[in-house]
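Examining the three-dimensional arrangement
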Amino acid sequence: MSDNLLDYVDVAEELSEFTWRSPRWQSEKLIAASPFRDDTHPSFYVYLADTASAKAGSWGDSGTGERGGLVRLLAELRGESSDEVAVYLREKYGVYADQPAETFALPSIGNALAKAAEIQRVRTLQPPQGSTPAYVIDRGISPEICEQAGVVQARGAVAIPWFDRKGRCRAIKYRSISGKSFWYAKGGESIRDLVYGIESVRAGEVALVESEIDALYLRTAGVQAMATGGAELMNAKKAELIAASGVTCVIVMADHDAAGQRMKREAVELLRRYPSIAVKVAGYPARYKDANEVGDITKIRTYIAKSKYVRKIPKLR
């Protein structure tokens, strides 16, 4: 019996759970556009099976030279920590390992279960400490909004805390200031079960965008805003949290790429299930990839003001 958990993982099955841009599925390798940066010529690859030179799950980005293993890749795609991915793989494939790294030497089952229980128990984090986030401010976000949101610069990255409705720090996302890579603080909640910015919203209209940067930019423009954290992360749990937040109208402002448009359709469909919430869609010129790229807070306010209803709240008789 192998002592490496990754020998039991069906890499192709795990990767098929995600939407890839320009994918080419080969017998030993997936080649696609990078999920971590704008990549018009597919240069990202993942080995689906062991080869003479690489293990299954090993990946690389020819455009940046960055490389890694399956656990790190799944963590970034799933919006989870490496520890959470380790627990997920152990549970799915029925093999236990105490190490969240990619060695996965097998310990006793008791120790592995204790580790899994610890990961599930530790969810509230201390907000990050660091310096003024010049990387974010350079993108038109005000220092005051950064301070309100607890965003700082640390460890060569922007640290973005995710809070729950009660203002408790439940996750911290680190976004590299030199590339597209990102990672999460250990011990935090999966952002699949959180809505970015929900602690700051009040009754009334609120914009829903994809990225934290977009949400912070809209807040700089004086617009209440929340974010899903990624195009693939809109789900029923997030819709439930939004509905329970007390907002009365959600304005979906999606990115202009294919993934962003899918996110828009999913958000509209999920939010329309809640009779207490009106749903609008904010349009803006396709020359801008996302809200932050507009780069003009006056225009942002105009696009929000001109948003169109896709579902109105029925008037009470």
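Residues numbered from 1 in each chain as written. Predicted model: local features only at pLDDT ≥ 70, side-chain atom pairs only at ≥ 80, totals over all residues. Heavy atoms only, no water.

Observations regarding the environment of Ile198
Defined as follows: The numbering of helices and of strands both runs from the N terminus, where a helix is a DSSP run of H or I of at least 4 residues and a strand a run of E of at least 2. Think of it in three bands: with a 1.4 Å probe and only protein chains considered, a residue is buried below 20% of the maximum accessible area for its type, exposed above 50%, and partly exposed in between. A contact between two residues is defined here by any heavy atoms of the two lying within 4.5 Å.
Secondary-structure assignment places Ile198 in the loop between strand E9 (182-184) and strand E10 (205-209). The buried category is assigned to Ile198, whose relative accessible area is 4%. Between the C-alpha atom of Ile198 and that of Ile242, which follows or precedes it by 44 residues, the distance is 7.5 Å. Ile198 has contacts with Phe163, Asp164, Arg165, Met226, Leu241, Ile242 and Ser245, leaving out every residue within four places of it along the chain.

Thoughts on the nonpolar core
We count it as follows: Joining through side-chain atoms within 4.5 Å is the link that ties buried Ala, Val, Leu, Ile, Met, Phe, Trp, Tyr and Cys residues into a set, and such a set is a nonpolar core.
One finds Val136, Val151, Tyr196, Leu218, Met253, Ile300 and Ile304 to be the most contacted residues of the largest nonpolar core, which totals 62 residues. Counting residues per element, this core draws most heavily on helix H2 (residues 70-78), at six residues. Aside from chain neighbours lying at most four places away, what touches Met253 is Leu208, Val209, Leu218, Ala282, Tyr284, Ala291, Ile300, Tyr303 and Ile304. Of all hydrophobic cores here, the second largest spans 24 residues; its members include Val195, Val201, Val206 and Ala267.

Some points on the pairing of strand E8 (residues 169-176)
For clarity, the threshold we go by: Strand pairing is defined by DSSP finding a minimum of two bridges between the two strands.
Burial runs high along E8: seven of the eight residues are buried. Both strand E7 (residues 157-163) and E8 contribute to a ladder of seven bridges, which runs antiparallel. Counterpart to Ile160 in the pairing with E8 is Lys173. In the sheet, E8 pairs with E9 via three bridges, with the strands oriented antiparallel. When the sheet's bridge partners are listed, Arg175 is paired in E9 with Phe182. Counting the residues between successive antiparallel strands, the hairpin from E8 to E9 contains five residues.

Structural notes on helix H9 (residues 258-271)
Heads up, the condition is: Each helix should span, by expectation, one fewer than its residue count multiplied by 1.5 Å.
For H9, built from 14 residues, the straight-helix expectation of 20 Å at 1.5 Å per residue is met to within 8% by its first-to-last C-alpha distance of 20 Å. Those residues of H9 lying buried are Ala259, Gly260, Met263, Ala267, Val268, Leu270 and Leu271.

Remarks on the packing of aromatic side chains
Here is the rule we go by: Here a pair means two rings of Phe, Tyr or Trp (six-membered ring of Trp) with centres within 6.5 Å. Their orientation is stacked below 30 degrees between planes, edge-to-face above 60, and tilted elsewhere. Charges are assigned to positions over rings by a cutoff of 6 Å between ring centre and Lys NZ or Arg CZ, combined with an angular limit of 35 degrees from the ring normal.
Considering all chains together, one arrives at 10 aromatic pairs under this definition. Ring centres 6.1 Å apart and planes at 25 degrees place the aromatic pair Trp20 and Phe44 in the stacked group. With a gap of 24 residues between them, Trp20 in the loop between helix H1 (11-15) and strand E1 (24-25) and Phe44 in strand E3 (residues 44-47) connect regions that are remote in the sequence. Residue class for Phe44 comes out buried when judged on its relative accessible area of 1%. The lysine or arginine in question, Arg139, covers the ring of Tyr135, its NZ or CZ lying 3.8 Å from the ring centre. Over the ring of Tyr309 we find Lys280; its NZ or CZ atom is 4.6 Å from the centre of that ring.

Treat this as a map of the structure, not an account of what it does.
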